[in-house]
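The primary structure of each chain is shown beneath.
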Amino acid sequence: MSAKIVPPGSCTPDEHRLHRRLFLKGLAASGAAAVGSFTGLFTNPVFAEATKKAQKNVILLFLTGAPSQFETWDPKPGRPSSGPFGSISTSIPGVHFSSLMPRCATIAHQLNIVRCMHTKQPEHFQAINLITRGNPDRAGFTRPTLGASISAAVGQLDIKLPNFILLDPNPEGNEFKGYKASDLSGWLGPEHQAVRLGGTFTQLRRATDSLTDDHEARENLRAYFSQRYANEHNSRMAAAENSAFEKVKGLMSSADLFDIAKLPEKDRARYGPGTFGLHTLMARQLCEQGAPFVMVANGMPWDNHVFQHEIHQMLVPELDRILHCLVTDLEDRGMLDHTLVIAMGEFGRTPWLNPARGRDHYPNAWSMMMTGCGLKRGVIVGATDEDGVDPDGTSFNEQNLFATIFSALGLDPYAEYDLQNMPTFHRVEDHADPIKEVLA
């Protein structure tokens, strides 16, 4: 059969497909996918489906207060720094986890553990800011957190869900309370601010029930005039306000996704009964529906200055179960290849106990876990000395971590932010290297 002759100046169906792929690639690379002016493109079902397949997701399990590396990923059995818990072999030959993590030990080949994190902030608020913003502070400027940066870079246009969701049922949390009340989107603006849900501070169902036809009509009129003002005056404030209203409307129409009681009962039994586990299950479901970034936190339960061993004996098995459920579920559902999962605190705990039988803050040498999208699996990066006092050779900081995260998502870690009348800032400053050992 002879090939079909195409008239000069015409394009073939294959070219249409190629151009669509190139356009999607360009959107992901430039962050243009977050710009609302492209919304009309998603009326094309083929384009919408292609975009959904290209979507990357991030689930950050933030272990606020900082877990002990000795009772999780880097046990030191028989050493003075060790607690009363032993170590167990894992699915990676020669690698051991704490005996409190038997489930994660069976899927170690699916995980990557970095055992040589070294950061410089020893206090919670400053350390949380550092590890979630990825670069040291610069006086007079507020960097966006990871969630806001991901929102701006890969946020979708055709979903009603927010691009940055923080699930945390605890309105307190000492220093974490102040962090949650801070500006999490920085210079990226309110469009990329976190939508915080959990506990009693967000009543989605009540908001949904109040959305009558009259409210809808008034909202449409408000949106029309506000958008007209934003266009005519190039007003970022008006555009941000429009974005906030649209975000609330999207939340109202997606309220069922945030209702723990409507999560599958069998899954709730596996992840629960604690709220941290149920919120992790919710994060899985939200990412399945297209949410780009979900951060799951729970106050500051890991800050164990007293009764370290007793508290970790309760907390670590729960984390072990939740991580095992999440990683295996994502793999079984075909989501792990495009979902990046991170589990970390803001630093580690001391290799020694204080007089109250607790471990204090320790940023010098600590561990974290990451797996999924854009990463190899089953890699143990670095080590600490025999008592876990210092990294045994190479160490990595928050900038290396962020360079790794952006690289795994297919984003340029060193891209400049497009900021008017401001100094030059990059996603990762100082051209810090990613942790190459884990990158696929």
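No experiment lies behind these values; they were computed from the predicted model shown.

It is not clear to me how the pattern of salt bridges should be interpreted in this structure. Could you clarify?
Pairs can form between side chains of opposite charge whenever their charged atoms are close. Following the criterion strictly, the structure yields 17 salt bridges and no others. Put simply, Asp-74 and Arg-115 hold a salt bridge, and the shortest N to O gap is 3.9 Å. Linking Asp-74 in the loop between β1 (57–62) and β2 (87–89) with Arg-115 in strand β4 (residues 112–117), this pair joins segments that are 41 residues apart in sequence. Side by side, Asp-74 and Arg-115 carry an identical accessibility label, which is buried. Several salt bridges converge on common partners, so that one network encompasses Asp-267, Arg-270, Arg-284 and Asp-329.

Looking at this model, I keep getting lost on helix α4 (residues 124–133). Mind explaining?
Think of an α-helix as 3.6 residues a turn; residues three or four steps apart then line up on the same face. For α4, a buried count of eight out of 10 residues is recorded, marking the element as mostly surrounded by other parts of the structure. Considered for burial, the residues of α4 that qualify are His-124, Ala-127, Ile-128, Asn-129, Leu-130, Ile-131, Thr-132 and Arg-133.

Would you explain the nonpolar core in this entry?
Here is a general trend for soluble globular proteins: nonpolar side chains tend to be buried in one another's company. With 57 residues, the main nonpolar core has Phe-62, Ile-342, Met-344 and Met-368 as its most contacted residues. Once residues within four sequence positions are removed from consideration, Met-368 is found in contact with Trp-73, Asn-112, Ile-113, Val-114, Met-117, Ile-342, Ala-343, Met-344 and Leu-401. Core analysis: the next-biggest nonpolar cluster, separate from the first, contains 49 residues, Leu-100, Phe-258, Leu-263 and Ala-291 among them.

What should I look at first to understand the packing of helix α5 (residues 146–154) against helix α13 (residues 398–408) in this one?
A pair of packed helices is captured by two measures, namely the crossing angle of their axes and the spacing between those axes. Relative orientation of the contacting elements α5 and α13 amounts to 25 degrees, with a least axis distance of 12 Å. Considering the angle they form, α5 stands roughly parallel to α13. Note on packing geometry: the crossing formed by α5 with α13 is right-handed. Packed against α5, whose contacting residues are Leu-146, Ser-149 and Ile-150, the element α13 presents Phe-402, Ile-405 and Phe-406 at the interface. Class assignment of the residues belonging to the contact of α5 with α13 gives a composition of five nonpolar, one polar and no charged.

Would you explain the sheet that holds β4 in this entry?
Through backbone hydrogen bonds, the strands of a sheet pair up, either in parallel or in antiparallel fashion. One open sheet accounts for eight strands, arranged β6-β5-β7-β1-β8-β11-β4-β12; its pairing is mixed. In this open sheet, the two strands that pair with only one neighbour each are β6 (195–197) and β12 (379–381). Going from strand to strand, the sheet's axes swing by 15 degrees on average, the running direction of each strand aside. Sheet topology places strand β5 (residues 164–167) next to strand β7 (residues 293–296); four bridges connect them, and they run parallel. The residue of β7 that forms the bridge with Ile-165 is Val-294. Strand contacts of helix α11 (residues 275–288): β1, β5, β6 and β7, with the helix running at about 170 degrees to β1, the strand carrying the most contacts.

What should I look at first to understand the pairing of β5 in this one?
Looking along a regular strand, one sees side chains alternate from face to face of the sheet. Of the two faces of β5, both are covered, the one formed by Phe-164 and Leu-166 as well as the one formed by Ile-165 and Leu-167. Sheet topology places β5 next to β6; three bridges connect them, and they run parallel. Counterpart to Leu-167 in the pairing with β6 is Leu-197. This β-α-β element, β5 to helix α6 (residues 175–180) to β6, shows right-handed connectivity.

What counts as what
- Residues numbered from 1 in each chain as written.
- Predicted model: local features only at pLDDT ≥ 70, side-chain atom pairs only at ≥ 80, totals over all residues.
- Heavy atoms only, no water.
- Salt bridge = Lys/Arg side-chain N within 4 Å of Asp/Glu carboxyl O.
- Helix = DSSP H or I, 4+ residues; strand = E, 2+ residues; numbered from the N terminus.
- Buried < 20%, exposed > 50% of the residue type's maximum accessible area, 1.4 Å probe, protein only.
- Core = buried A, V, L, I, M, F, W, Y, C linked by side-chain atoms within 4.5 Å.
- Contact = heavy atoms within 4.5 Å.
- Axes fitted to C-alpha atoms, helices over the stretch in contact; angles between N-to-C directions.
- Parallel < 35°, antiparallel > 145°, perpendicular 65-115°, else oblique.
- Left-handed = near helix turned anticlockwise from the far one by under 90°.
- Nonpolar A, V, L, I, M, F, W, Y, C, P; charged D, E, K, R; others polar.
- Pairing = 2+ DSSP bridges.
- Right-handed = clockwise from strand over helix to strand, strands pointing away.

Coordinates in, geometry out; function isn't part of it.
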